[in-house]
Amino acid sequence: IALAAVDQSKEPDGFRGMKWGEDRKNIYHLVFNSKEEGNGISDYYKDNEKNKIGSASLDYILYGFKNDKFCRVFIATRFKGNLDKIAQTLKEAYGEPSFERATSISWNFSNVRIFFHSGFGVLYEYKPTLNEAENSTNNTQEQEVNKKKEAIKGVEDL
């Protein structure tokens, strides 16, 4: 196991011209694929997608949006030769990873986490948008608790 600090200057500000946190309605050629019930992320693919990274062929790329803000990319490929090429490309682009094992590599930048696994592909996550959504959920739950407390206190006036 190797642990290292990543070079923050290599943190990506988006993917293929789309900026992290960008509003979905400003991005063209997206086609709805699915919505994950647990986390509320809606996944889209591009109808004009180049399914390659360098010479590595991809099965597909999904773009995730939370509250219509761009926050995730999932790149899938099953062919081992393609995965090896993608791992090398990621190392070239982002430098020394935070963590590396035989089957997985990750880069943990200030705002973006990139996770590569030799069994499925690559996941990019934009932490501020994901955390913003989690904080929004927590704030809503906190508001509900406060309403309940106020109602219980109000019962005394009945």
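What counts, and at which threshold
- Residues numbered from 1 in each chain as written.
- Predicted model: local features only at pLDDT ≥ 70, side-chain atom pairs only at ≥ 80, totals over all residues.
- Heavy atoms only, no water.
- Phe/Tyr/Trp six-rings, centres within 6.5 Å; stacked < 30°, edge-to-face > 60°.
- Buried < 20%, exposed > 50% of the residue type's maximum accessible area, 1.4 Å probe, protein only.
- Core = buried A, V, L, I, M, F, W, Y, C linked by side-chain atoms within 4.5 Å.
- Helix = DSSP H or I, 4+ residues; strand = E, 2+ residues; numbered from the N terminus.
- Pairing = 2+ DSSP bridges.

Our focus in this paragraph is the packing of aromatic side chains. Tallied over the entire structure, the rule returns 15 aromatic pairs. A centroid spacing of 6.2 Å and a plane angle of 50° characterise the contact between Tyr63 and Phe70, whose relative ring orientation is tilted. Each of the two residues, Tyr63 as well as Phe70, counts as buried. Through pairs of rings, three or more aromatic residues link up here, namely Phe15, Trp20, Phe32, Tyr44, Tyr63, Phe65, Phe70, Tyr94, Trp107, Phe109, Tyr124 and Tyr126.

Ranked by size, the top nonpolar core spans 33 residues in total, and within it Tyr63, Val73, Ile75 and Tyr124 carry the most contacts. If you list the elements that add at least two residues to this core, you get strand S8 (60-66), strand S9 (69-76), helix H1 (80-94), strand S11 (104-108), strand S12 (112-117) and strand S13 (121-126). Considering each element in turn, this core owes the most residues, 5 residues, to H1.

Counting buried residues along S9, 6 of its 8 residues qualify, which places the element largely inside the surrounding structure. With 7 bridges connecting them, S8 and S9 associate as antiparallel partners. Following the sheet pairing, Tyr60 is matched in S9 by Ala76. Two successive antiparallel strands, S8 and S9, enclose a turn made up of 2 residues, where Asn67 displays a positive phi of approximately 50°. Sheet topology places S9 next to S13; 5 bridges connect them, and they run antiparallel.

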